[in-house]
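# Structural overview
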Amino acid sequence: MQLPILSYGHSVLREQCHDIDSGYPELTKLIENMWETMYGANGCGLAAPQVNVPVRLFLVDSKTTYDKMDDRSREDYFAANDTGIIETFINAAIIDESEEVWTDEEGCLSIPALAEPITRPWSITMEYFNREFIRQTKTFYGTTARMIQHEYDHTERVLYLDHLKPLKRKLLQGKLEKISKGLVKAKYPMKFAK
Ligand SMILES: [Zn+2]
């Protein structure tokens, strides 16, 4: 079932997300609905708070992005041997990050029709549980690491625009106000803040 995505300004996007265990009610259904919602909105990542569930759960698909890229772009955006991931992250924590940073444009399903350049570490090491609730420790790079950091941020009540300089954010205020009121149309179901 495709779920409505909360828009910028909705209070749940700023709520503290809590850890879950394998007994979380209807977890499999929630994860399935989140994949359907993400693909239905043409997204490459989705976090549970974006569908009104403030728990530490998110999805990332960097494989579709990889598959669409030409060889030259792959060299710039993906590390060698990384062909993208399709992964569910539960109770994820960043345990290490590279000093090396890079900047690329990001967008967010909760903030339609907007994209801004964001600087983030090139690589991160994550500890998390996968969909089968098996503990994982893995290092990710490039676009895959960027998508993970963006979604992880959602579970920490952080939106990618929070990484912009205050002046830049101020300039976007009018647009963000429109988004929160539902005046910017998305091609997928949304739930608006106001
Ligand atoms: Zn987002």
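Residues numbered from 1 in each chain as written. Predicted model: local features only at pLDDT ≥ 70, side-chain atom pairs only at ≥ 80, totals over all residues. Heavy atoms only, no water.

## Some thoughts on the nonpolar core
Leu27, Ile31, Met34, Leu46, Leu57 and Ile90 are the most contacted members of the largest nonpolar core, which totals 23 residues. If you list the elements that add at least two residues to this core, you get helix 1 (27-40) and strand 3 (57-61). In terms of residue count, helix 1 provides more of this core than any other element does, six residues in total. (Core = buried A, V, L, I, M, F, W, Y, C linked by side-chain atoms within 4.5 Å. Buried < 20%, exposed > 50% of the residue type's maximum accessible area, 1.4 Å probe, protein only. Helix = DSSP H or I, 4+ residues; strand = E, 2+ residues; numbered from the N terminus.)

## Brief notes about the packing of aromatic side chains
Applying the stated criterion across every chain yields a total of nine aromatic pairs. Ring centres of Phe58 and Phe89 lie 4.8 Å apart, and the angle between their planes is 15°; this geometry places the pair in the stacked category. Residue Phe58 is found in strand 3, and its partner Phe89 is found in strand 4 (residues 86-97); the two are separated by 31 residues along the sequence. Between Tyr66 and Phe78, the aromatic rings sit 5.0 Å apart at their centres with planes inclined by 80°, giving edge-to-face as the arrangement. On the criterion of sequence distance, the pair formed by Tyr66 in helix 2 (residues 63-68) and Phe78 in the loop between helix 3 (71-77) and strand 4 is long-range, its members being twelve residues apart. Taken as a pair, Tyr66 and Phe78 share a single burial class, namely buried. Aromatic rings pair up to connect Phe58, Phe89, Tyr128 and Phe140 into one cluster. Across the ring face of Tyr66, the terminal group of Arg74 is positioned such that the distance to the ring centre comes to 4.1 Å. The ring centre of Trp102 lies 4.3 Å from the NZ or CZ of Arg146, which sits over that ring. (Phe/Tyr/Trp six-rings, centres within 6.5 Å; stacked < 30°, edge-to-face > 60°. Lys NZ or Arg CZ within 6 Å of the ring centre and 35° of its normal.)

## Topic: the UniProt feature "active site" (unreviewed entry) in the protein chain
Cross-referencing UniProt, the feature "active site" (unreviewed entry) maps to Glu151 in the present numbering. For Glu151, the contacting residues outside a window of four places in its chain are Gly45, Leu46, Ala47, Gln50, Phe58, Leu59 and Val60. Looking at Glu151, its side chain comes within polar contact range of the main-chain nitrogen of Leu46, at 3.5 Å. (UniProt positions renumbered as here; feature names shortened; annotations may be inferred. Contact = heavy atoms within 4.5 Å. Polar contact = N/O pair within 3.5 Å; in protein donor to acceptor, adjacent residues only side chain to side chain.)

## A look at the coordination of the zinc ion
For a metal with four donors in a tetrahedral arrangement, the ideal angle between donors is 109.5 degrees, while six donors in an octahedron ideally sit at 90 or 180 degrees. Those donors, Cys108 (SG), His150 (NE2) and His154 (NE2), are the protein atoms that reach the zinc ion, and they lie 2.1 to 2.2 Å from it. Sequence positions of the residues that donate to the zinc ion give the spacing C-x41-H-x3-H. With His150 and His154 both in helix 4 (residues 142-155) and four residues apart, the pair spans about one turn of that helix. Given a relative accessible area of 7%, His150 falls into the buried group. Relative accessible area serves as the criterion here: at 2%, His154 is assigned to the buried category. (Donors = N, O, S within 2.8 Å, 3.2 Å for Na, K, Ca; no water.)

## Here we look at unusual backbone geometry
Positive phi outside glycine occurs at Glu26, with the angle close to 55°. Checked against the element boundaries, Glu26 lands in the loop between strand 1 (5-6) and helix 1. Accessibility expressed as a relative area gives 55% for Glu26, which makes it exposed. At Asn52, a residue that is not glycine, the phi angle is positive and equals roughly 75°. Look at Asn52 and you get partly exposed, because its relative accessible area is 32%.

## With respect to helix 4
Taking 1.5 Å per residue as the helical rise, helix 4 with its 14 residues ought to reach 20 Å, and the 20 Å between its terminal C-alpha atoms agrees with that figure. Arg157 occupies a position one or two residues after helix 4 and carries a positive phi of about 60°. (Expected span 1.5 Å × (residues − 1).)

## Examining the environment of Lys63
As for its position among the elements, Lys63 is in helix 2. The exposure class of Lys63 is partly exposed, given its relative accessible area of 31%. Each C-alpha atom of the pair Lys63 and Thr137 lies 19 Å from the other, and the pair is 74 residues apart in sequence. Those residues in contact with Lys63, other than ones at most four positions away along the chain, are Thr83, Gly84, Ile85 and Ile86.

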